[in-house]
Amino acid sequence: MKVGFIGIGSMGLPMAQRIQSCGHDLVLWARREASLAPFTGTSATVVASPAEMGRIVDCVGICVFDAQGVDEVLFGAHGAAETLRPGSVIMMHSTVSSDEVQELAGKSAARGLRMLDAPVSGGQSQASIGKLTVMVGGEQSALADVAPVLASFSDHVVHLGPVGAGSKAKLINNTLFSAQIVLADYAMTAGSSMGLDLDGLTDVLMRSSSACVGSSIRLSTGSLAGIWARPAGAALVKDIKLTREVLGKAPGQELLEIADRFVVAMEAAARTQASPPSRPD
């Protein structure tokens, strides 16, 4: 397929590289020319605007930071929705609220386009080897049409229901991930209170039955505050706040009570540290 991709950041870059390496014709657009440097000398086509992309692709993946960014590249001046052929599939890999994705899907449908909300999880290392998890909301037929594209960077595609379902699953995943980071921090504090050697305790917790991706992030970083220096710090704060908006007062608040402590730690770090690394597109 001829696949457009917008959002060549920390996650989008390895995803786009996998799409190309699996034999699809890759078409790229980015606000910053530097983002395109990894594709210099490759067969990837670089276009001057999302609208130019829309004229020549079969589908488009979008992996920008938030819903505002998605709306801009699709429906703003020279947006891709102007020129995409009716029936084209938009794969929205950005993590946004279910209300936002449903609004974007409605605007797409009004132009004859099919949107899948398809956020991903697994990190850069898993993206580079094609082992991301993709959480999909949208029409089964649209998913079937782009399955070969998703398979280039994912070995686990889960269809969860209508548009918005993928976003909800991703928000729960990221909120739980943040809570696990906080719990690992509490574990280290408890170990200190008990007089344990913290290097030894870190070694135990990284390898024992309590080990998970979230705890390993905290343990390898050395502190909650240190996570602010990672690209994921600001993104997780955004996602926890979105989870609270979506969940409202429904059962499940206990998860947010723990994850909110991650938000507090990141906001404190933001007051004393430089801004986190950006996720360029």
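Scroll up to find the structure.
Residues numbered from 1 in each chain as written. Predicted model: local features only at pLDDT ≥ 70, side-chain atom pairs only at ≥ 80, totals over all residues. Heavy atoms only, no water.

S.K.: How do you make sense of helix α1 (residues 12-21) when you look at a structure like this?
M.R.: Note on helix geometry: an α-helix contains 3.6 residues per turn, so any two residues three or four positions apart are oriented the same way. G12, P14, M15, A16, I19 and Q20 are the residues of α1 that are buried. On the buried face of α1, the contacting elements are β1 (2-6), β2 (25-29), β7 (120-121), α5 (123-128), β8 (132-137) and α6 (140-153). Positive backbone phi, approximately 100 degrees, marks G23, located one or two places after α1. (Buried < 20%, exposed > 50% of the residue type's maximum accessible area, 1.4 Å probe, protein only. Helix = DSSP H or I, 4+ residues; strand = E, 2+ residues; numbered from the N terminus. Contact = heavy atoms within 4.5 Å.)

S.K.: Would you mind showing me how to read the pattern of salt bridges here?
M.R.: If charged atoms from side chains of opposite charge come close, those side chains can pair. As enumerated under the stated definition, the model contains ten salt bridges in all. For R218, the salt bridge is made with D185, and the minimal N-O distance between the two is 2.7 Å. Taken together, the residues R218 in helix α9 (residues 213-221) and D185 in helix α7 (residues 165-193) connect sequence positions 33 residues apart. For R218, a relative accessible area of 7% puts it in the buried group. By relative accessible area, which is 16% here, D185 ends up buried. With its nearest N and O atoms 3.2 Å apart, the salt bridge here joins K241 to E267. With K241 in helix α10 (residues 231-247) and E267 in helix α11 (residues 253-272), the pair connects residues that are 26 residues apart, well separated along the chain. Note on E267: relative accessible area 35%, which makes it partly exposed. (Salt bridge = Lys/Arg side-chain N within 4 Å of Asp/Glu carboxyl O.)

S.K.: How do you make sense of unusual backbone geometry when you look at a structure like this?
M.R.: Trans peptide bonds make up most of the peptide bonds, and negative phi angles are found at most residues other than glycine. For H78, which is not glycine, the phi torsion reads 60 degrees and is therefore positive. Structurally, H78 can be placed in the loop between α3 (67-75) and β5 (89-92).

S.K.: Would you mind showing me how to read α11 here?
M.R.: If you check α11, its first and last C-alpha atoms are 29 Å apart, about what 20 residues at 1.5 Å a residue would give, namely 28 Å. When α11 is considered as a whole, its buried residues turn out to be Q253, L256, A259, F262, V263, A265, M266 and A269. Where α11 is buried, its residues meet α7 and α10. (Expected span 1.5 Å × (residues − 1).)

S.K.: Sorry if this is basic, but what is going on with the nonpolar core here?
M.R.: For soluble globular proteins, the rule of thumb is that nonpolar side chains tend to be buried together. Ranked by internal contacts, the top residues of the largest apolar core, which has 30 residues, are F5, M15, L26, L28, M91 and F153. Where this core is concerned, the elements lending two or more residues are β1, α1, β2, β5, β8 and α6. In terms of residues, this core owes the most to one element, α6, which gives six residues. If we skip the residues at most four places from it in the chain, M15 touches F5, C63, H93, V120, A127, L132 and F153. If you look at the next biggest cluster of nonpolar residues, it comprises 25 residues, including W29, V73, A80 and V101. (Core = buried A, V, L, I, M, F, W, Y, C linked by side-chain atoms within 4.5 Å.)

S.K.: Would you explain the packing of α1 against α6 in this entry?
M.R.: A pair of packed helices can be characterised by two numbers: the angle between their axes and the separation between those axes. Running from amino to carboxyl end, α1 crosses α6 at an angle of 120 degrees, the nearest separation of the two axes being 8 Å. Put simply, α1 runs oblique to α6. The handedness of the crossing between α1 and α6 is right-handed. Side by side, α1 and α6 meet where M15, R18 and I19 of the first sit next to V149, S152 and F153 of the second. The residue makeup of the contact of α1 with α6, split by class, is four nonpolar, one polar and one charged. (Axes fitted to C-alpha atoms, helices over the stretch in contact; angles between N-to-C directions. Parallel < 35°, antiparallel > 145°, perpendicular 65-115°, else oblique. Left-handed = near helix turned anticlockwise from the far one by under 90°. Nonpolar A, V, L, I, M, F, W, Y, C, P; charged D, E, K, R; others polar.)

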